[in-house]
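Descriptive structure summary
In case you want the letters, here they are:
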Amino acid sequence: MRFRLMIFLLMAFFALSAQQSTNQILLTGASFATSNNGWFEFACEALNATPLNRAVSGESIVHTAEKMNDGTLYSKAELESIDALIIMHVHEKDVFNDPNSWLRNKYYDYQFPMDMSNYVGAYDYVIKRYITDCYQLKFDSASVYFNAPAGKPAIIVLCTHWHDARVTFNTTVRQLAQKWGLPIIEFDKNIGFTKDEIHPVTNDQYSLIFSNDTQEQNGEVYGWHPLNGDTYIQRKMAAIMVHKMKQILPLYE
């Protein structure tokens, strides 16, 4: 009896381990999200998830849209297994308002190659395309979501910039999140400092002590890219992501 119980417990343990090992999170972004930063990988490690980091320095949300259109952002197998798509394209652009009439009703109404200034349309395409791809799995007999009423739940997570100096983007990405009911990782609200207060010792923008380069916005110099690798700021960003993902996905508790 004890032997059979031991075998059962071992089988349950390995089954649980196998299930947890399939947890994957997909990240798309540019230089603030590439693997040399560290925050995404640190967060995935804490969540016991496999990081699928597709961020490329110098790219924008338009490049992500084009990769989705080409079928190269994720494979069919990855679509089946990823728990969430995180988007961290945080250029100081308006990603919500549409004065140029970029938006289309369906993802397949967009034309490619896409205009590289079309941040509003690109975000819209990526959201609609991912939701569609997930839902369509209900019609795929080879999918674990075959005949599931809602298909695969499409969990898309947006991000703010790593601090609050990019006002246009941070404001409009929140509007976009509200429009779609999407969760958002609010680095800017939780990073531990603000553009509205200078450092009491350096008398400069607080973000500068966490960055190795600078960028001027509206006549003010801010920290541009956060110090990367195993640094305080990357660990802080990881902690912010972990907290949000545990709210979004109960399996990560």
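Our subject is the structure listed above.
About the cut-offs
Residues numbered from 1 in each chain as written. Predicted model: local features only at pLDDT ≥ 70, side-chain atom pairs only at ≥ 80, totals over all residues. Heavy atoms only, no water. Axes fitted to C-alpha atoms, helices over the stretch in contact; angles between N-to-C directions. Helix = DSSP H or I, 4+ residues; strand = E, 2+ residues; numbered from the N terminus. Left-handed = near helix turned anticlockwise from the far one by under 90°. Contact = heavy atoms within 4.5 Å. Nonpolar A, V, L, I, M, F, W, Y, C, P; charged D, E, K, R; others polar. Buried < 20%, exposed > 50% of the residue type's maximum accessible area, 1.4 Å probe, protein only. Expected span 1.5 Å × (residues − 1). Polar contact = N/O pair within 3.5 Å; in protein donor to acceptor, adjacent residues only side chain to side chain.

1. Topic: the packing of helix H3 (residues 61-70) against helix H5 (residues 119-136)
Between H3 and H5, whose axes approach to 8 Å, the crossing angle comes to 40°. When the axes of H3 and H5 are compared, the crossing they make is left-handed. For the pair formed by H3 and H5, the contact residues are Ile61, Val62, Thr64, Ala65, Met68 and Asn69 on the first element and Tyr119, Ala122, Tyr123, Tyr125, Val126, Arg129 and Tyr130 on the second. Within the contact of H3 with H5, the residues separate by chemical class into ten nonpolar, two polar and one charged.

2. Focus: the environment of aspartate 196
Its place among the elements puts aspartate 196 in the loop between helix H7 (187-190) and strand E6 (214-217). You can call aspartate 196 exposed: its relative accessible area is 54%. For the pair aspartate 196 and aspartate 140, spaced 56 residues apart in sequence, the C-alpha separation works out to 52 Å.

3. A short note on H5
Turn by turn, an α-helix covers 3.6 residues, leaving residues three or four places apart pointing in a common direction. Spanning 18 residues, H5 covers 26 Å between terminal C-alpha atoms, matching the ideal 26 Å at 1.5 Å per step. For H5, the N-terminal capping position is held by asparagine 118, with its side-chain oxygen 2.7 Å away from the main-chain nitrogen of glycine 121.

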